[in-house]
Amino acid sequence: MTARILLDACVLYPTLMRQMLVAAARAGAFQPLWSPRILDEWRHAAARSGPVEAEIVRAEIALLTSGFPGAMVAPDPDLIDRLSLPDPDDRHVLAAALSGRAEAILTANLKDFPTRTLSRHGVLRYDPDGFFCDLLTEDGELAGTLLPPITLAAEQLGQSPKSILKKSRLPRLAKRLGL
C-alpha cells in the first residue's frame, strides 16, 4: 500500500518542489493529501508575487485536485480545536493529516511540528530533503522522474541543477542524484 502523505503549503510553494512531488506522486511513490485551507495558503503565498502568479496557481490547483481526486481532506473543526502545536495556526495541518489517515506530514516547517507531539497521534514528520532521499532508497528509478523538473528549472534560471537543489534546501538530494 502506498504511503499517504499530507503536503503542507510550504512544500507546495515553491514551484520546483511541488513539481517534483507531483511527479513522484504520479509515479506512484506516495499518495498526496491536502486540505482546502492548505491549498488556500499556497494560493495566498503565490498571490504575493502578483496577479499573474495567482492565476497560474488557481489553474494548478484545479489540475491537482482533478488529477488526484482522493487527495482532498476536510478536517472536522472540532478536531482542530482539540489539537495542540507550538503554532496554533498549524493545527489544521495535523487535523487534515489525521482526517486523511496520513502516515506523515511533509513540511519544511519542522519546529512547529514536533515529532513527540505528532507521534502521540501516530503521525510522522518528514522534511523534503529526507523525504526525497527516502523515496530514492525505496525506488532508485524514481531519479528519472525527479530529474526532468530539476533540469528544466536549471535551464530556465541559467544555473546548475546542483545549485538549484541547494537553493531549494535539497542538498542531500543533489548529492544522492550525483549532481
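Everything discussed here concerns the structure shown above.
On a predicted model such as this, the values are computed, not experimentally measured, just so you know. (Residues numbered from 1 in each chain as written. Predicted model: local features only at pLDDT ≥ 70, side-chain atom pairs only at ≥ 80, totals over all residues. Heavy atoms only, no water.)

In a regular helix each residue adds 1.5 Å, so 17 residues correspond to 24 Å; helix 4 (residues 51-67) covers 24 Å between its end C-alpha atoms and thus fits that length. Where helix 4 is buried, its residues contact helix 2 (15-26) and helix 3 (36-47). (Helix = DSSP H or I, 4+ residues; strand = E, 2+ residues; numbered from the N terminus. Expected span 1.5 Å × (residues − 1). Contact = heavy atoms within 4.5 Å.)

What follows deals with the nonpolar core. Of all hydrophobic cores here, the largest spans 59 residues; its most connected members are Leu-6 and Leu-173. Top element by residues in this core is helix 2. It accounts for seven residues. Residues contacting Leu-6, with those up to four places away along its chain left out, are Leu-33, Trp-34, Ile-38, Val-73, Val-93, Ala-96, Ala-97, Ala-102, Ala-104, Ile-105 and Leu-106. (Core = buried A, V, L, I, M, F, W, Y, C linked by side-chain atoms within 4.5 Å. Buried < 20%, exposed > 50% of the residue type's maximum accessible area, 1.4 Å probe, protein only.)

The next point concerns the packing of helix 2 against helix 8 (residues 128-138). When two helices pack together, their arrangement is captured by the angle between the axes and the distance separating the axes. Orientation of helix 2 relative to helix 8, taken along the N-to-C sense of each, is 30°, at an axis distance of 12 Å. Classified by the angle between their axes, helix 2 and helix 8 sit roughly parallel to one another. Classified by chirality, the crossing of helix 8 by helix 2 is left-handed. Contact with helix 2, carried on its side by Met-17, Met-20, Leu-21 and Ala-24, involves Pro-128, Phe-131, Phe-132 and Leu-135 of helix 8 and no other residues of that element. Taken together, the residues of the contact of helix 2 with helix 8 break down into eight nonpolar, no polar and no charged. (Axes fitted to C-alpha atoms, helices over the stretch in contact; angles between N-to-C directions. Parallel < 35°, antiparallel > 145°, perpendicular 65-115°, else oblique. Left-handed = near helix turned anticlockwise from the far one by under 90°. Nonpolar A, V, L, I, M, F, W, Y, C, P; charged D, E, K, R; others polar.)

Here we come to the packing of aromatic side chains. Taken as a whole and judged by the stated rule, the model has four aromatic pairs. On the basis of an interplanar angle of 80° and a centroid distance of 5.2 Å, the ring pair of Phe-30 and Phe-131 is categorised as edge-to-face. Taken together, the positions of Phe-30 in the loop between helix 2 and strand 2 (31-33) and Phe-131 in helix 8 put the pair 101 residues apart, joining distant regions of the chain. For the pair shown, Phe-30 and Phe-131 are each scored as buried. Taken together, a centroid distance of 6.1 Å and an interplanar angle of 90° make the contact between Trp-34 and Phe-68 edge-to-face. In this pair, Trp-34 is assigned in the loop between strand 2 and helix 3 and Phe-68 in the loop between helix 4 and helix 5 (77-82), connecting sequence segments 34 residues apart. Taken individually, Trp-34 and Phe-68 each receive the classification buried, so the pair is uniform in this respect. Cluster of aromatic residues (ring-pair linked, three or more members): Phe-30, Tyr-126, Phe-131 and Phe-132. (Phe/Tyr/Trp six-rings, centres within 6.5 Å; stacked < 30°, edge-to-face > 60°.)

Nothing here speaks to function; it is all geometry.
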